[in-house]
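# An overview of the molecular structure
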Amino acid sequence: MPELPEMETYKSLLQPLIGGKKITEVTINREKSINVPISQFKAQVENQKLETIQRRAKYLIFKLQNGSCLLLHLMLGGKMFYGDEHDKPDRTAQVRLSFGNQHLYFIGLRLGYLHLLSQEMVDQEFQDIGFEPLNPNFSLDSFRDMMNKKRGKLKSTLLNQEFIAGIGNRYSDEILWHAQLLPDKNIPDLDVAQINNLYELMRYILHLGIQQGGYMDPLYKEDNKTGGYQMFVHNREGEACPRCHAPIVQKEISSRKTYFCNNCQH
Ligand SMILES: [Zn+2]
């Protein structure tokens, strides 16, 4: 599932491609991927200029000229492609937004969705979502406070969107490997230095993920930015740990496939 770095990469690549452009046509091939009748969706979205694209947690919000918002969550298996029929991946798009002869395709929207909402409804969706870890206002002090009040295991806490926003199964493994902490370690067992370190490395890894373009497939034909991020441990079971060379192990934690090094994470 795309996480904060992937959605941030989509946002920054899409903004110059479609920001300020008019959505000339909407094509819905799967009504379940949207939340209102197709006719209503088309009436409110077609011929509207797309003003800006924002990200919150693992969501993108496409803001339209008439004040409507399109809230996107790709969930598991969803992705986007921008281009024409000739260049697009050979897969059915559940939703297509056209900008003249170029189109934004939403592919693999099975669990994922593109909902038409007002700004108030979007705000409501976000009311229980935690801090943005890369927000400049998210200080080490506030992270320490949150951790001091928190019980439970590290991995499941990082995954908890109400605790902190945008981190999922992949980047939680990457963050914990960098912090040399075991994913099933209990939070009350962390000392001050470990919490400080976790804060720094969480932000470091998410920045690195963004800088290197996350791990999704290319967004458009000539896109050589998306997908540049190389995982250190995630999905690398049996390979040598990049730090200590012990084999990376995989274990089910919080019902997620979790990858870590049993030798240098403690
Ligand atoms: Zn190791």
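Residues numbered from 1 in each chain as written. Predicted model: local features only at pLDDT ≥ 70, side-chain atom pairs only at ≥ 80, totals over all residues. Heavy atoms only, no water.

### Overview of the domain arrangement of the protein
What counts here: Note that the domain bounds were set by an automatic or database domain assignment. Contact definition: two residues touch when any of their heavy atoms are within 4.5 Å. Throughout, buried area stands for the accessible area (probe radius 1.4 Å) lost by two parts on being put together, summed over both.
Looking at the protein, the domain boundaries give domain 1 (4–125) and domain 2 (140–260). A separation of 28 Å is found between the C-alpha centroids of domain 1 and domain 2. Each side of the interface is counted separately: domain 1 has 18 residues, and domain 2 has 21 residues. Buried area between domain 1 and domain 2, summed over both chains or domains, comes out near 1700 Å², and the portion from carbon and sulfur atoms is 71%. Taken as a group, Pro5, Glu6 and Leu13 account for 31% of the area that domain 1 buries against domain 2, more than any other trio of residues on that side.

### What to know about the coordination of the zinc ion
Where we set the bar: Distances decide who is a donor: an N, O or S atom must be within 2.8 Å of the metal, or within 3.2 Å for Na, K and Ca. Water is not included, so sites may look incomplete. For four-coordinate sites, all angles between 85 and 135 degrees define a tetrahedron; for four- and six-coordinate sites, opposite donors beyond 155 degrees with the remaining angles between 65 and 115 define square planar and octahedral shapes respectively, and all other cases count as irregular. Helix and strand definitions follow DSSP, with helices as H or I runs of at least four residues and strands as E runs of at least two, each counted in order from the N terminus. Exposure is judged per residue with a 1.4 Å probe applied to protein chains only, and the accessible area is read against the type maximum: over 50% gives exposed, under 20% gives buried, and values in between give partly exposed.
At 2.2 to 2.3 Å from the zinc ion lie its protein donor atoms, namely Cys241 (SG), Cys244 (SG), Cys261 (SG) and Cys264 (SG). Around the zinc ion sit four donor atoms, and with donor-metal-donor angles ranging over 98 to 116 degrees the site reads as tetrahedral. Between the donor residues of the zinc ion, the gaps in sequence give the motif C-x2-C-x16-C-x2-C. You can see Cys241 sitting in the loop between α7 (192–211) and β9 (249–253) and its partner Cys264 sitting in the segment after β10 (256–260), a full 23 residues away along the chain. According to the relative accessible area criterion, Cys241 is buried, its value standing at 0%.

### Regarding the side chain of Glu46
Under the convention used in this document: Whenever two N or O atoms come within 3.5 Å, that pair is a polar contact, provided that in protein one can donate a hydrogen and the other can accept it, and provided that, for residues adjacent in sequence, both atoms are side-chain atoms.
Secondary-structure assignment places Glu46 in the loop between α2 (38–45) and β2 (50–56). Here the side chain of Glu46 touches Val26 through a polar contact of 2.9 Å, landing on its backbone nitrogen. Look past the residues within four positions of Glu46 in its chain and what remains in contact with it is Ile23, Thr24, Glu25 and Val26.

### Considering the nonpolar core
As a reminder, the rule being used: As used here, the term nonpolar core means buried Ala, Val, Leu, Ile, Met, Phe, Trp, Tyr and Cys residues forming a set that is joined through side-chain atoms within 4.5 Å.
Core analysis: the biggest nonpolar cluster contains 61 residues, and Phe62 and Met80 have the highest contact counts within it. Examining the composition of this core, we find that eight residues originate from one element, α7, more than from any other. When we break this core down by domain, the ones giving at least three residues each are domain 1 (4–125) and domain 2 (140–260). Look past the residues within four positions of Met80 in its chain and what remains in contact with it is Tyr10, Leu14, Leu60, Phe62, Leu72, Leu74, Leu104, Tyr105, Phe106, Pro218 and Leu219. Counting eleven residues, the second largest nonpolar core, distinct from the first, contains Leu71, Val122, Phe126 and Ala165.

### Thoughts on the sheet that holds strand β1 (residues 25–28)
Put simply, the rule is: Pairing between strands is defined by DSSP: at least two bridges between them are needed. Every angle, taken between N-to-C directions, lies between 0 and 180 degrees, and every axis is a line fitted to C-alpha atoms, over only the stretch in contact when it is a helix.
Spatial strand order, β1-β6-β7-β5: four strands in an open sheet with antiparallel pairing. Every interior strand has two partners, whereas the edge strands, β1 and β5 (79–83), have only one. For this sheet, the mean inter-axis angle between neighbouring strands, taken without regard to orientation, is 15 degrees. Strand direction decides the pairing type here: strand β6 (residues 93–99) and strand β7 (residues 102–107), joined by six bridges, are antiparallel.

### Description of the UniProt feature "domain: FPG-type" (unreviewed entry) in the protein
What counts here: UniProt positions are given in the numbering used here, feature names are shortened, and annotations may be inferred rather than shown by experiment.
As annotated in UniProt, the feature "domain: FPG-type" (unreviewed entry) corresponds to residues 232–266 in the numbering used here. The straight-line gap between the two end C-alpha atoms of residues 232–266 is 17 Å; of that span, 0% is helix and 29% is strand.

### Points about the UniProt feature "domain: Formamidopyrimidine-DNA glycosylase catalytic" (unreviewed entry) in the protein
UniProt annotation of "domain: Formamidopyrimidine-DNA glycosylase catalytic" (unreviewed entry) refers to residues 2–112 when read in the numbering used here. In residues 2–112, helix accounts for 21% and strand for 36%; the two terminal C-alpha atoms are 11 Å from one another.

### Some thoughts on the packing of aromatic side chains
Formally: Here the aromatic set is Phe, Tyr and Trp, taking the six-membered ring for Trp, and pairing holds for ring centres within 6.5 Å; pairs whose planes are under 30 degrees apart are stacked, those over 60 apart are edge-to-face, and all others are tilted. Two conditions define a charge sitting above a ring: the NZ of Lys or the CZ of Arg must be within 6 Å of the ring centre, and it must be within 35 degrees of the ring normal.
Within this structure, the stated rule accounts for ten aromatic pairs. Just above the ring of Tyr105 sits the side chain of Lys88; from NZ or CZ to the centre is 5.6 Å. Against the face of Trp177 rests Arg243, its NZ or CZ located 4.0 Å from the ring centre.

### Describing the environment of Phe138
With respect to the helices and strands, the residue Phe138 is situated in the loop between α3 (119–125) and α4 (140–149). With a relative accessible area of 0%, Phe138 lands in the buried category. C-alpha separation for the pair Phe138 and Tyr199, spaced 61 residues apart in sequence, amounts to 10.0 Å. Once you skip the residues sitting within four places of it in the chain, Phe138 turns out to touch Phe131, Glu132, Pro133, Phe143, Met146, Ile164, Tyr199, Met202 and Arg203.

### A few points about helix α6 (residues 169–178)
Among the ten residues in α6, nine count as buried, and that is most of the element. For α6, the full list of buried residues reads Asn169, Tyr171, Ser172, Asp173, Glu174, Ile175, Leu176, Trp177 and His178. Tucked inside the fold, the buried residues of α6 contact α1 (4–18), α5 (154–159), α7 and β10. Backbone geometry just after α6 places Gln180 at a positive phi near 55 degrees.

### Some words on α1
Rules: To estimate how far a helix should extend, the number of its residues minus one is multiplied by 1.5 Å.
If you check α1, its first and last C-alpha atoms are 21 Å apart, about what 15 residues at 1.5 Å a residue would give, namely 21 Å. Phi turns positive, to about 80 degrees, at Gly20, one or two residues after α1.

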